[in-house]
Structure formats: structure tokens, C-alpha cells
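Working through the structure, step by step
Residues per chain, in single letters:
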Amino acid sequence: RMCPTGAISLTVEDGTLVYRFNPGRCSECELCLRSCAQHAIERSAAPASDPFEARETYRQPVAPCRRCGSLAPIRRPVSPVRLRDGRSAGASSFSQ
């Protein structure tokens with residue numbers, strides 16, 4: 001889990017891995033920025049009409065692992081992700 005406050009959540013829906021971001025729960029600790037191995041999260045000052053509404057930020061298809069059978073993401077390039085204050089953690093990020 002990369003977010004201690006639950007501002008970033010991860011679910012699997014219909015064979016797709018779905019990340020959601022809830023800006024109202026974000027404590028701006030930047031743990032997500034430091035823990036993302038792909039450097040796929042950057043900060044953005046984009047205002048939210050409802051800061052406590054979780055918004056879908058990223059989707060990726062999943063399939064059973066051939067070794068263990070657990071669901072695993074099907075590898076593909078990571079799309080940009082933007083959070084709140086404009087600071088950047090990497091070249092790509094979640095889109096809102």
C-alpha cells in the first residue's frame with residue numbers, strides 16, 4: 001500500500017486494475033511519489049469540484065499469472081498521473 005491515508009486506492013474490476021485518487025484524503029506526505037518505482041506520479045494544482053470524491057486516475061488490464069495464478073497487470077507503458085500542487089516526481093503520472 002503506497003498511501004497511509006487511503007487517498008490512492010486500488011481495485012480490480014472486470015479484469016482491469018483501477019487506481020482512484022481522493023484529494024480530500026491526501027495529507028501531502030509524498031510517500032506515493034517516493035514509493036512509485038515507475039516515477040509515474042506527479043503533483044498538480046488542478047482544483048477539484050468535490051475534494052472528497054475519488055476520481056479514477058489509471059486503468060490497466062490484468063490477467064492470471066502463469067506461475068502462481070494470481071492476477072497480475074499486463075505490462076504496457078505507464079500513463080501520466082497528476083495529483084495536486086504542481087511539483088513533479090517523474091516523467092509520467094496519473095491523468096485526472
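How each quantity is defined
- Residues numbered from 1 in each chain as written.
- Predicted model: local features only at pLDDT ≥ 70, side-chain atom pairs only at ≥ 80, totals over all residues.
- Heavy atoms only, no water.
- pLDDT = per-residue confidence, 0-100.
- Contact = heavy atoms within 4.5 Å.
- Buried < 20%, exposed > 50% of the residue type's maximum accessible area, 1.4 Å probe, protein only.
- Helix = DSSP H or I, 4+ residues; strand = E, 2+ residues; numbered from the N terminus.
- Pairing = 2+ DSSP bridges.
- Salt bridge = Lys/Arg side-chain N within 4 Å of Asp/Glu carboxyl O.

Let's shift gears to the confidence of the model for the protein chain. Where the model shows low pLDDT, its predicted coordinates should not be examined in detail. Per-chain confidence: the protein chain averages 77 in pLDDT, with 75% of residues scoring 70 or above. When the criterion is pLDDT under 50, residues 87-96 qualifies, and its contacts beyond four places in sequence or with other chains add up to 49 contacts.

Counting buried positions over the 6 residues of strand 2 (residues 16-21) gives 5, a clear majority of the element. By the bridge criterion, 6 bridges tie strand 1 (residues 8-13) to strand 2 in an arrangement that is antiparallel. Among the inter-strand pairings, E13 is bridged to a residue of strand 2, identified as T16. In this antiparallel pair of consecutive strands, strand 1 and strand 2, the connection spans 2 residues, and D14 shows a positive phi of 50°. Relative to strand 3 (residues 55-64), strand 2 is paired through 6 bridges, and the arrangement is antiparallel. Each bridged residue has a counterpart across the sheet, and for L17 the counterpart in strand 3 is Q60.

Turning next to unusual backbone geometry. In this structure, E28 takes a positive phi of about 60° despite not being glycine. By secondary structure assignment, the location of E28 is in the loop between strand 2 and helix 1 (31-35). Phi is positive for E30, close to 65°, though the residue is something other than glycine.

This part covers the pattern of salt bridges. This model, assessed by the stated rule, comprises 3 salt bridges. E13 serves as the salt-bridge partner of R59, at 3.7 Å between the closest nitrogen and oxygen. Here R59 is found in strand 3, whereas its partner E13 is found in strand 1, with 46 residues between them in sequence. Owing to a relative accessible area of 27%, E13 belongs among the partly exposed residues under this scheme. E56 is the salt-bridge partner of R59, the closest N and O atoms lying 2.7 Å from each other. Of the residues examined, R59 reaches a relative accessible area of 34% and is grouped as partly exposed.

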